[in-house]
Amino acid sequence: MRKVRDYGAELKALGDKARTLKARKIQQLGELVASTGADALDPDVLAGALLHIVAQAQVEGNREAWRSDGAVFFQRRGRKAGKGDAGNGQGADETGSGGSQG
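Once a new chain begins, its residue numbering starts again from 1 and follows that chain's sequence as written. Where local features are concerned, this predicted model is filtered to residues with pLDDT of at least 70; where side-chain atom pairs are given and counted, the filter is 80 or more; whole-chain, interface and lining totals use all residues. Values shown for side chains rest on all heavy atoms present in the structure; no hydrogens or waters enter the calculation.

### A few points about the overall build of the protein
Alright, step 1. The numbering of helices and of strands both runs from the N terminus, where a helix is a DSSP run of H or I of at least 4 residues and a strand a run of E of at least 2. If you tally the helices and strands in the protein, you get four helices and zero strands.
Alright, step 2. Reading the helices (α) and strands (β) of the protein from amino to carboxyl end gives α-α-α-α.
Alright, step 3. Exposure is judged per residue with a 1.4 Å probe applied to protein chains only, and the accessible area is read against the type maximum: over 50% gives exposed, under 20% gives buried, and values in between give partly exposed. In the protein, buried positions account for 12% of the 102 residues.
Alright, step 4. What makes two residues a contact is simply this: any of their non-hydrogen atoms within 4.5 Å. Expressed as a percentage of contacts within the protein between residues at least 6 apart in sequence, the contacts between residues at least 24 apart total 55%.
Alright, step 5. Where accessible areas are quoted, they stem from the Shrake-Rupley method and a 1.4 Å probe; at the residue level, only the protein chains shown are allowed to cover. Put simply, the protein shows about 8,200 Å² of open surface, and 58% of that area lies on carbon and sulfur atoms.

Listed below in structure tokens is the structure:
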């Protein structure tokens, strides 16, 4: 006889996983802001800069140039801080850029 699926439990587990992933993405974004030194900026300045970047992301070629600059940043950071920190930085890049630039 077939086992009955508990759709409610499966849905709850998926919701919990989604919340965990969102929390990790937010934490990694904060770590990225701090590691680049952008945490020294006023929140208004940082928000304005991000808004300009989003607008400029529509210009052909900007994303690829920024992506390569970001890769270089994480490679240098990985050499300075060690393998454990480089993995965290790359995770922030993957989650952060995947949603907005994907």
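### Section: helix α1 (residues 7-36)
Alright, step 1. Expected span, for any helix, means 1.5 Å times one less than how many residues it has. Its 30 residues give α1 an end-to-end C-alpha distance of 43 Å, which sits within 8% of 44 Å, the value for a rise of 1.5 Å per residue.
Alright, step 2. Positive phi appears at glycine 37, one or two residues downstream of α1, with a value of about 90°.

### Quick word on the side chain of asparagine 62
Alright, step 1. Structurally, the position occupied by asparagine 62 is in helix α3 (residues 62-81).
Alright, step 2. A polar contact of 2.7 Å, which involves the side chain of asparagine 62, links it to the backbone oxygen of glutamine 56. Whenever two N or O atoms come within 3.5 Å, that pair is a polar contact, provided that in protein one can donate a hydrogen and the other can accept it, and provided that, for residues adjacent in sequence, both atoms are side-chain atoms.

### Regarding the packing of aromatic side chains
The description of an aromatic ring pair uses the distance of the two centres, along with the angle that the planes make with each other.
Alright, step 1. Here a pair means two rings of Phe, Tyr or Trp (six-membered ring of Trp) with centres within 6.5 Å. Their orientation is stacked below 30 degrees between planes, edge-to-face above 60, and tilted elsewhere. Taken as a whole and judged by the stated rule, the model has one aromatic pair.
Alright, step 2. Plain terms: the ring middles of phenylalanine 73 and phenylalanine 74 are 5.2 Å apart, the flat faces sit at 70° to each other, and that makes the pair edge-to-face.
Alright, step 3. Here phenylalanine 74 falls in the buried class, since its relative accessible area comes to 7%.

### Here's the deal with the confidence of the model for the protein
Detailed reading of predicted coordinates is not advised where the pLDDT is low.
Alright, step 1. As a per-residue measure, pLDDT reflects the predictor's confidence and takes values from 0 up to 100. Summing up the model confidence of the protein, the mean pLDDT is 82 and the portion of residues at 70 or higher is 77%.
Alright, step 2. At the level of individual helices and strands, the protein shows its lowest average pLDDT in helix α4 (residues 83-101), which scores 44, and its highest in α1, which scores 96.
Alright, step 3. Below pLDDT 50 for its whole length, residues 84-102 participates in 21 contacts with residues either more than four positions away or in separate chains.

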